[in-house]
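Listed below are the residues making up each chain.
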Amino acid sequence: MKFNRSAWAFLVFVLFTFSANLAQAQQHWTSDGFQYYKITNGGITILDTRDTSKKTVWITKDMITPQGGKPIGIRRFTVSADGKKVLINTNTKKVWRYDTRGDYWVYDTDTKKLWQLGKSLPSASLMFAKLSPDGSKAAYVSGHNIYVEDLADGSAKQITTDGTAKIINGTFDWAYEEEFGCRDGFRWSPDSKSIAYWQIDATKIKSYLMLNTTDSIYPFVVPVEYPVAGEDPSSCKVGVVNISTGATQWINTPGDAIQHYIPRMEWTLNSNEIILEQLNRAQTESRVFIGNVSNGTTRIIREEKSNAWIDGKERWNGGDPMGWEWVNKGKEFLWVSEKDGWKHIYRISREGKETLITKGNYDVISIDLIDDAGGNIYFIASPDNATQKYLYRIKISGGKAERVSPADEPGTHSYDISPNGKVALHNFSNSYTPPQSEVVSLPEHKHIGGTTIALNTDAKNKVEFFKVKTVDGIEMDGWMKKPTNFDPTKKYPVLFTVYSEPAGQTVTDSWGAGRNGLYVGSMADDGYIYMAVEGRGAPAPKGTAWRKAIYKNIGIVNIRDQAMAAKEIIKWPFIDSARIAVHGWSGGGSTTLNLLFQYPDIYKTGIAVAAVGDQLTYDNIYQERYMGVPINDEGRAAFIKGSPITYAKNLRGNLLYIHGTGDDNVHYKNAEELINELVKYNRQFELMAYPNRTHGIFEGDGTVLHLHTMFTKYLKEHCPPGGR
């Protein structure tokens, strides 16, 4: 998914969600489904949901201290199916966004033996190590090749040999990782005898050359393989390698390997079949194939076409496309589709017969658990309020969905549900209640342990949620944080925070709404109104038509929605129309620029960070998904029409533009194209280029404080606070 940081309120929510997901990555349910492993005090403890006072220290720090060395710091871990071995990831290093490289150690709880995997390979070079289903081996990627190591004798075998900087086995290139959430690129077969894996051929992908001018006396070039919109993507195929022979059987997926994507691939429940999803390059057609491992043949079992784009699993599974949702002992699987105008769950047989499970005018936001034994699906939805999230339950056979989350806890709920479907770790927050966690029983949602959820009803100056209807008849959700000592007889300045692209919502009833961490101090205390409105194109649970109205119109439809909402808001008696400011990061930076340039009569001041100034410079998977494939002048016209640089000559207000020169996501080229346009038309603005900082602009001593101070100072100077 494209990184976005349009507002600190949204960022706080993202960080809360990320922290919850990270916590879940650092804990795993035991086989009985009532207990879970959790990292504590440098070791691993087993906690019991039935008795929250019961804590069993399973692995101590001393147990995972190599002889003569220091304790292994556990970054993440997995446990073998028999619960006797633990695989520990440590000494991790970043690969683009996440720390997916590192070292791996195995600890055997029976023999008390501790040993390192891949000791002959470079330090911190192993990726995605995982134990085989039978617990006898481990596999991992290093240097774009896959290795298998026998846990009994420590012997290792390299089972792919053609990996290079551009031939990528078992993991992915930049674009697949960023836009499909694909990182781990291999899967053990159920019988532990084979491994299915992706091979990405990036040999024809051009590199974006970033210039590092700060880390040595002489500047040096940092090449990043980066296919921009209009350029062919990497070639992709799936193979299955036999562990014993080392021979790979390639799966014959029909079509041009360059002009399609394979964002999902897993084994079926037997070891001679894999199942995969293929998207055409425009991401408007999805096909599901079952592949025969013995001979590489495939048969299509499902096909879907859309007038806009088709979301992959990572868009409804928290960014993780792994796993296949089998039910009925592998005879059927679940699928999420928007083909009837709402995001719904379908049950699909191996022959392709489809049955709609969730019926009604509401969207399934995510699937949290498939309880095949109990015959239930737990999923997140919010049929009545697009700013909130609740847990629902429905029979796999279909029927009426029932809400599980309590009616007296309005806001945003998330869950880590036990595999047996009987208990869950529950996280909750809303705009005035900080994040809280508890253990609950399901489906009755009875509190078992942890913090008892309590709304912060005494909160002062709460965020106000509202709806605004534009002249185009579009009704939009919004939130507003008023000044601390608000006087309705005075007029106040407004700072809008924006994103307004398909990668994220800004108007959510969750902790962080109304808070701007980019501002030093309190905006409310200083006399600002802080506000967000959510228009079409944002991934709110408001139906397919709402989300996909933006197709081939990023920079047009979403910009008009924001501007028309602001036009209505400035009619409110306490709004000062002469002091209207806007800010955003990444896609929100692009929106900020477009609002300043296209609607200069409304927005007087803007602070844009890491913006895509020219849509033709951004990566093909993201930009082509939402804007079409620009293979001719007609296709490129939509990209040009929605790009901020097309309208830069219209700038009349105040602009502060911020970008990191080491940004591998939205390259600094966007800043320089924008600068050239503003210079060409003698449009005055302020620029801050952070040397060698990435898309998040956080690296280096003092960077974060400097950015926040500059943001605050510029806003106060050009959009003064206080009622008048």
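Keep in mind it's a predicted model, so treat the numbers as computed, not measured. (Residues numbered from 1 in each chain as written. Predicted model: local features only at pLDDT ≥ 70, side-chain atom pairs only at ≥ 80, totals over all residues. Heavy atoms only, no water.)

### A few points about the overall build of the protein chain
When you go through the protein chain residue by residue, the secondary structure sums to 10 helices and 43 strands. What you see for the protein chain is a C-alpha radius of gyration of 26 Å, in line with the 27 Å of a compact globule of 724 residues. Dimensions of the protein chain, computed from the C-alpha atoms along their principal axes, are close to 75 × 60 × 55 Å. In the protein chain, which comprises 724 residues, the proportion classed as buried is 58%. Accessible surface for the protein chain amounts to roughly 28200 Å². Of this, 51% is attributable to carbon and sulfur atoms. (Helix = DSSP H or I, 4+ residues; strand = E, 2+ residues; numbered from the N terminus. Rg over C-alpha atoms; globule rule 2.2 N^0.38 Å. Buried < 20%, exposed > 50% of the residue type's maximum accessible area, 1.4 Å probe, protein only. Areas by Shrake-Rupley, 256 points an atom, 1.4 Å probe, with all protein chains shown as cover.)

### Quick notes on the packing of helix α5 (residues 557-569) against helix α6 (residues 587-598)
Relative orientation of the contacting elements α5 and α6 amounts to 65 degrees, with a least axis distance of 10 Å. Between α5 and α6, the angle is such that the two are roughly perpendicular. Remark: the crossing between α5 and α6 carries right-handed chirality. The segment α5 lies against α6, with Asn558, Ile559, Gln562 and Ala563 engaging Thr591, Asn594, Leu595 and Gln598. (Axes fitted to C-alpha atoms, helices over the stretch in contact; angles between N-to-C directions. Parallel < 35°, antiparallel > 145°, perpendicular 65-115°, else oblique. Left-handed = near helix turned anticlockwise from the far one by under 90°. Contact = heavy atoms within 4.5 Å.)

### What to know about the sheet that holds strand β38 (residues 492-497)
Each strand in a sheet pairs with its neighbour through backbone hydrogen bonds, running either in the same direction (parallel) or in the opposite one (antiparallel). Taken in spatial order, the 8 strands make up an open sheet running β36-β37-β39-β38-β40-β41-β42-β43, and their pairing is mixed. Strands at the two margins of the open sheet, each flanked by one partner only, are β36 (464-469) and β43 (686-690). Shown here is a sheet whose adjacent strand axes are inclined to one another by a mean of 20 degrees, direction ignored. Two strands pair when backbone bridges link them, and β36 and strand β37 (residues 475-481) are joined in this way by 6 bridges, in the antiparallel orientation. (Pairing = 2+ DSSP bridges.)

### A look at the packing of aromatic side chains
Applying the stated criterion across every chain yields a total of 28 aromatic pairs. For the ring pair tryptophan 479 and tyrosine 530, a centre distance of 5.4 Å and an interplane angle of 65 degrees mean the geometry is edge-to-face. Remark: tyrosine 530 occurs in strand β39 (residues 529-534) and tryptophan 479 occurs in strand β37; sequence separation between them is 51 residues. Take tryptophan 479 and tyrosine 530: they sit in the same class, and that class is buried. A centroid spacing of 5.5 Å and a plane angle of 90 degrees characterise the contact between tyrosine 618 and tyrosine 622, whose relative ring orientation is edge-to-face. Both residues of the pair, tyrosine 618 and tyrosine 622, count as buried. Among the aromatic side chains, those forming a connected cluster through ring pairs are Trp174, Tyr226, Trp309, Tyr551, Tyr618, Tyr622 and Tyr626. Above the ring of tyrosine 346, the side-chain terminus of lysine 339 is found at 5.1 Å from the ring centroid. Here the basic side chain of lysine 462 rests over the ring of tyrosine 432, its NZ or CZ set 4.2 Å away from the ring centre. (Phe/Tyr/Trp six-rings, centres within 6.5 Å; stacked < 30°, edge-to-face > 60°. Lys NZ or Arg CZ within 6 Å of the ring centre and 35° of its normal.)

### With respect to the pattern of salt bridges
Applying the stated criterion across every chain yields a total of 40 salt bridges. Note that lysine 339 and glutamate 354 form a salt bridge whose closest N and O atoms lie 2.6 Å from each other. Note that lysine 339 is positioned in the loop between β25 (332-337) and β26 (344-349) and glutamate 354 in strand β27 (residues 354-356), a separation of 15 residues in sequence. Glutamate 717 serves as the salt-bridge partner of lysine 713, at 2.8 Å between the closest nitrogen and oxygen. Remark: glutamate 717 and lysine 713 occur in helix α10 (residues 703-718); sequence separation between them is 4 residues, near one turn of the helix. For glutamate 717, a relative accessible area of 46% translates into the label partly exposed. Sharing partners across several salt bridges, the network here consists of Lys130, Asp184, Arg187 and Glu266. (Salt bridge = Lys/Arg side-chain N within 4 Å of Asp/Glu carboxyl O.)

### Description of unusual backbone geometry
Here the bond from leucine 442 into proline 443 is cis, since omega is 5 degrees, no more than 30 degrees from zero. In this structure, proline 443 sits in the loop between β34 (433-441) and β35 (446-450). Phi at alanine 610 takes a positive value of approximately 50 degrees, unusual for a residue other than glycine. A residue is classified by how much of its surface remains accessible, and alanine 610, at 1% relative accessible area, is buried.

### Regarding the UniProt feature "domain: Peptidase S9 prolyl oligopeptidase catalytic" (unreviewed entry) in the protein chain
In the UniProt entry, the feature "domain: Peptidase S9 prolyl oligopeptidase catalytic" (unreviewed entry) is given for residues 522-718. What you have in residues 522-718 is 41% helix and 17% strand, and the ends, taken at the C-alpha atoms, are 17 Å apart. (UniProt positions renumbered as here; feature names shortened; annotations may be inferred.)

### Points about the nonpolar core
A general trend in soluble globular proteins is that nonpolar side chains are found buried together. Ranked by internal contacts, the top residues of the largest apolar core, which has 45 residues, are Phe496, Phe597 and Tyr603. Among the elements that line this core, the one with the most residues is α5, at 6 residues. Setting aside residues no more than four positions away along its own chain, phenylalanine 496 makes contact with Met531, Ala566, Ile569, Ile580, Ala581, Val582, His583 and Tyr603. Listed in part, the 42 residues of the second largest apolar core include Ile200, Ala229, Ile251 and Ile554. (Core = buried A, V, L, I, M, F, W, Y, C linked by side-chain atoms within 4.5 Å.)

### Some details on the side chain of glutamate 179
Structurally, glutamate 179 can be placed in helix α2 (residues 174-180). For the buried glutamate 179, which has no salt bridge, the nearest side chain bearing the opposite charge is arginine 625, at an N-O separation of 4.8 Å. Polar side-chain contacts of glutamate 179 include one of 3.4 Å to the side chain of tyrosine 618. (Lys, Arg positive; Asp, Glu negative; His and termini not counted. Polar contact = N/O pair within 3.5 Å; in protein donor to acceptor, adjacent residues only side chain to side chain.)

### Considerations on the sheet that holds β25
Strands sit in the order β24-β25-β26-β27 across an open sheet of 4 strands; the sheet is antiparallel. At either end of the open sheet lies a strand with only one pairing partner, and these are β24 (326-327) and β27. With 6 bridges joining them, β25 and β26 adopt antiparallel strand pairing. In the strand pairing of β26, leucine 334 is matched with arginine 347.

### Re the pairing of β39
The buried count for β39 comes to 6 of 6 residues, which makes it a mostly enclosed element. Taking every second residue as pointing to the same face, both faces of β39 are buried, with Ile529, Met531 and Val533 on one and Tyr530, Ala532 and Glu534 on the other. Two elements, β37 and β39, share 5 bridges in a ladder whose sense is antiparallel. Along β39, the bridge assignment pairs aspartate 477 with glutamate 534. By the bridge criterion, 3 bridges tie β38 to β39 in an arrangement that is parallel. Bridge pairing in β39 links phenylalanine 496 to methionine 531.

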